[in-house]
2 protein chains.
Amino acid sequence: MLTNWINSSDSYNNFILSSRIRLARNLKGINFPHKLDDDNAIAVIDKIERGLSGYEYSFKKIKLNDQDYIDNNVLLEKHLISNDLIKFSTKSACFINEDQTISIMANEEDHLRMQFFNSGYNLKEAFDEAMKLDDFIEEKLDYAFSEKIGYLTTCPTNLGTGMRASVMMHLPALSMTDQISKVYKALTQIGMTIRGLYGEGSKIDGNIYQVSNQITLGVSEKDILNNLHAIVNELVDKECNVRKSLFNDFGIEIKDKIFRSVGILGNCYSITSKEALEYLSYIRFGIEEGLLSSNICMNKILIGCQPASLQSDVNNKMNSKERDIERAKFLRNSIKNIEIIDKN
Amino acid sequence: MLTNWINSSDSYNNFILSSRIRLARNLKGINFPHKLDDDNAIAVIDKIERGLSGYEYSFKKIKLNDQDYIDNNVLLEKHLISNDLIKFSTKSACFINEDQTISIMANEEDHLRMQFFNSGYNLKEAFDEAMKLDDFIEEKLDYAFSEKIGYLTTCPTNLGTGMRASVMMHLPALSMTDQISKVYKALTQIGMTIRGLYGEGSKIDGNIYQVSNQITLGVSEKDILNNLHAIVNELVDKECNVRKSLFNDFGIEIKDKIFRSVGILGNCYSITSKEALEYLSYIRFGIEEGLLSSNICMNKILIGCQPASLQSDVNNKMNSKERDIERAKFLRNSIKNIEIIDKN
């Protein structure tokens, strides 16, 4: 049973917000999505819908064309769908379970892009769920599969397992000391990658990083999980060590930054997304280090202060200035019960 | 009856924290202070003490040599004495009344430097008090006086009336828009000057400025007061107008800055004097504009967060890092009851 990571607070101990398994699959004998016209694309969506029917979870089918801009972007901000799925909305759809822990994108880059999200560091559970649904579908639909290569995908980088495993981590210390760029280089060399909260890979996104495998071909699913597990443990250790030395050398400055962040988010009247993510990172840092009470769900706040989620909450389209004011209001309310545990 | 400006809150309406009259006087037939040896200097102090005795207020005589560094600097931070008085502490003394509204420095640049402080914009009262004490002393001691020139002083810039009238103003809008440099030029041309909170004339000192006359010779005391009055009124008008247009153009940003300042000072763990003054200025701005409750005395906080005042409060010598932490504690406590009146 997967747990929705956005509503969960069990990431404070090991800096890991969420775990995700993504499988890329295509249907045998049908053109890849970018070669399909709208009618054929819809036929694929119908096939997938039949493939899912009768599964132990039921899925809500969402046609992105039928939803407005804000609703689509709320799904994007929750990582349930991709930008490409919105871009090709006449051909695409998604199927999402009630808990929003499983999302199957239809006619994104591949016919099926299945995502399994779990809160905290629970990749194994997500993988088991992925295999279960994958087997279920495979009994009903024929996948494009080669004995030699494995699953066939539009882009060669997904061939083989078609699997990407990723964890979302909060790494403020590695980020502040710019050691994350070294990590990036090292990971690239061993077939892994690290990106930002929404894929841009920069530290402006609240020091939140997604670590995932790049290589899908010539390795087993088990290898992918084991490799990622080793890397994640190493990153957690590194982050811990850098935090220790940061607190030794700059303890006053960091405590100050953390406490001021509480003051700023608790009182601001207008705030950009970039600033908000910076201060939220300091607050998360404070919770992780036991300086602040952990009675709030930072993941929910992280996603809630994104543009579409804000507008969806008040059911109103807003320009950027209005959003900054609404974001400040949302953050003031979200932060108000946080407590500074040790002020001295 | 003068009111201690540091303990008073009646500056919020007209941006004027305090009014001050300063008289420079010397005793006839005695060398100016820099030409006196220690014994003769002490003889001057004794004369001044006799000159003050029997006045309707009693004065506490303070020998700066007998006090420690911190106590002397507390007086400096309260504007009751000058740096020079501390520098020449073997020769100097000061006489301060109980309310700390009158301070007579002995053997600063002149034998007597008499200061009369009043809260808010009340120069006339300070002037009347100055004249009363001046007359009282003149009946007992012979001042160095020339029928042609007026009072004789060590520095020619104080000749004549020996009087400097000044008001301390909070001018954030003129400061933010850098119009204060124009004001500085204009005032200089008409024999007035504008300086910072502790004389440096820069905007780092919390946007607090002292406006005073430069010319003491060839004008009457009444002229000095009238000129200053006209200038102060003009500055208040200018500041008001710039504030109005700032709120029109950048209302969101200013409200945000003001509210964040409450958050930062209410939560910081360490803070420099420069930063503190910046945020205190925003909070004062917020009170003056009715955005924050005025239930706190900003002048007291302004002086209380200065280095010596902080150390005096806890009766402990501290290095700069320790002071920044103590300042944060002082500010958190001072600010905690302030209320944001209109958040939306």
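Provided above is the structure to which this section pertains.
Residues numbered from 1 in each chain as written. Chains lettered and ligands numbered in written order. Predicted model: local features only at pLDDT ≥ 70, side-chain atom pairs only at ≥ 80, totals over all residues. Heavy atoms only, no water.

Engineer: I'd like a rundown of the overall build of chain A, residues and numbers included.
Structural biologist: Of regular secondary structure, chain A possesses 11 helices and 10 strands. Counting all 344 residues of chain A, 57% fall into the buried class. Across chain A, contacts joining residues at least 24 apart in sequence account for 72% of those joining residues at least 6 apart. When the accessible surface of chain A is split by element, carbon and sulfur atoms take 47% of a total near 14,900 Å². When the 41 basic and 47 acidic side-chain charges of chain A are each reduced to a single mean position, those positions are 3 Å apart. (Helix = DSSP H or I, 4+ residues; strand = E, 2+ residues; numbered from the N terminus. Buried < 20%, exposed > 50% of the residue type's maximum accessible area, 1.4 Å probe, protein only. Contact = heavy atoms within 4.5 Å. Areas by Shrake-Rupley, 256 points an atom, 1.4 Å probe, with all protein chains shown as cover. Lys, Arg positive; Asp, Glu negative; His and termini not counted. Charge placed at Lys NZ, Arg CZ, Asp CG, Glu CD.)

Engineer: Before we move on, can you summarise the sheet that holds strand β8 (residues 163–170) of chain B with the specific residues and values?
Structural biologist: Residues and elements named next belong to chain B. Read across the sheet, eight strands follow the order β2-β3-β4-β5-β1-β8-β10-β9 without closing on themselves; strand pairing throughout is antiparallel. For this open sheet the edge positions go to β2 (59–62) and β9 (192–196), each flanked by a neighbour on one side alone. Neighbour to neighbour, the strand axes of the sheet diverge by 20 degrees on average, direction disregarded. Relative to β8, strand β1 (residues 16–25) is paired through seven bridges, and the arrangement is antiparallel. Looking at the pairing, Arg20 lines up with Ser166 of β8. Strand contacts of helix α6 (residues 180–189): β9 and β10 (208–213), with the helix running at about 145 degrees to β9, the strand carrying the most contacts. Strand contacts of helix α8 (residues 273–288): β1, β8 and β10, with the helix running at about 85 degrees to β8, the strand carrying the most contacts. (Pairing = 2+ DSSP bridges. Axes fitted to C-alpha atoms, helices over the stretch in contact; angles between N-to-C directions.)

Engineer: Please provide a residue-by-residue account of the state of the cysteines, values included.
Structural biologist: The full count for this structure, using the stated rule, is zero disulfides over all chains. With no disulfide of its own, Cys268 of chain A lies closest to Cys305 of chain A among cysteine sulfurs, the gap being 10 Å. (Disulfide = S-S within 2.5 Å.)

Engineer: Go over the packing of helix α10 (residues 307–314) of chain A against helix α11 (residues 320–335) of chain A, please, and point to the residues and values.
Structural biologist: Residue and element names in this part refer to chain A. Across the interface, α10 lies against α11 with an axial gap of 10 Å and an inter-helix angle of 80 degrees. Taken as axis vectors, α10 and α11 run roughly perpendicular relative to one another. In this structure, α10 contributes Pro307, Leu310, Gln311, Asp313 and Val314 to the contact, and α11 contributes Arg323, Glu326, Arg327 and Phe330. The residue makeup of the contact of α10 with α11, split by class, is four nonpolar, one polar and four charged. (Parallel < 35°, antiparallel > 145°, perpendicular 65-115°, else oblique. Nonpolar A, V, L, I, M, F, W, Y, C, P; charged D, E, K, R; others polar.)

Engineer: How would you sum up the pattern of salt bridges? Please name residues and give values.
Structural biologist: In this structure the tally under the stated criterion is 32 salt bridges over all chains. Of the charged contacts in the structure, one is a salt bridge between Arg260 of chain A and Glu275 of chain B, with a shortest N-O distance of 2.7 Å. In this pair, Arg260 of chain A sits in helix α7 (residues 221–265) while Glu275 of chain B sits in helix α8, so the two residues belong to two different chains. Arg113 of chain B is the salt-bridge partner of Asp110 of chain B, the closest N and O atoms lying 3.0 Å from each other. Judged by its relative accessible area of 0%, Asp110 of chain B is buried. The exposure class of Arg113 of chain B is buried, given its relative accessible area of 7%. (Salt bridge = Lys/Arg side-chain N within 4 Å of Asp/Glu carboxyl O.)

Engineer: I'd love a proper account of the relation of the copies chain B and chain A, names of residues and values included.
Structural biologist: Take chain B, turn it by 180 degrees, move it 0.0 Å along the axis, and it overlays chain A with an RMSD of 0.0 Å. Seen this way, the second copy is the image of the first under a two-fold rotation axis. Nearest to the rotation axis, the C-alpha of Gly263 of chain B is located 1.9 Å from it, this being the minimum over chain B. Both copies contact each other with a shared surface, as 100% of the interface residues of chain B are interface residues in chain A too. (Least-squares fit on C-alpha atoms with pLDDT ≥ 70 in both.)

Engineer: Lay out the sheet that holds strand β3 (residues 93–97) of chain A in plain terms, naming residues and giving numbers.
Structural biologist: All names here are of chain A. Strand order in the open sheet formed by eight strands is β2-β3-β4-β5-β1-β8-β10-β9, and the pairing between neighbours is antiparallel. In this open sheet, the two strands that pair with only one neighbour each are β2 (59–63) and β9 (192–196). Strand after strand, the sheet turns through a mean of 20 degrees between neighbouring axes, direction not considered. Where strand β4 (residues 102–106) lies against strand β5 (residues 112–119), five bridges are found, and the strand directions are antiparallel. Opposite Ser103, over in β5, you have Gln115 as the bridge partner. Against the sheet, helix α1 (residues 38–52) makes contact with β2, β3, β4 and β5, and its axis sits at roughly 170 degrees relative to β2, the strand it touches most.

Engineer: Got a sec to walk through helix α4 (residues 123–140) of chain A? Specific residues and values, please.
Structural biologist: Between its first and last C-alpha, α4 of chain A extends 26 Å over 18 residues, near the 26 Å set by a 1.5 Å rise per residue. All buried positions along α4 of chain A are accounted for by Leu123, Ala126, Phe127, Glu129, Ala130, Met131, Leu133, Asp134 and Ile137 of chain A. (Expected span 1.5 Å × (residues − 1).)

Engineer: Help me get a handle on the interface of chain B and chain A, residues and values and all.
Structural biologist: Listed by partner, the interface residues are 24 residues for chain B and 24 residues for chain A. Taken together, the two surfaces of chain B and chain A that pack against each other cover about 2,000 Å², and 55% of this comes from carbon and sulfur. For the pair chain B and chain A, the interface holds four salt bridges. Close ionic contact of Glu253 of chain A with Lys321 of chain B constitutes a salt bridge, the shortest N to O distance being 3.8 Å. Seen at the junction of chain B and chain A, the total is eight residue pairs in polar contact (both at pLDDT 80 or more). Broken down by secondary-structure element, the contributors of at least two residues to the side of chain B that touches chain A are α7 (221–265), α8 and α11 (320–335) of chain B. Element by element, the count of residues in the side of chain B that touches chain A is highest for α7 of chain B, at nine residues. Of the residues contributing to the side of chain B that touches chain A, the split by class is 10 nonpolar, five polar and nine charged. (Buried area = accessible area lost by both parts, 1.4 Å probe. Polar contact = N/O pair within 3.5 Å; in protein donor to acceptor, adjacent residues only side chain to side chain.)

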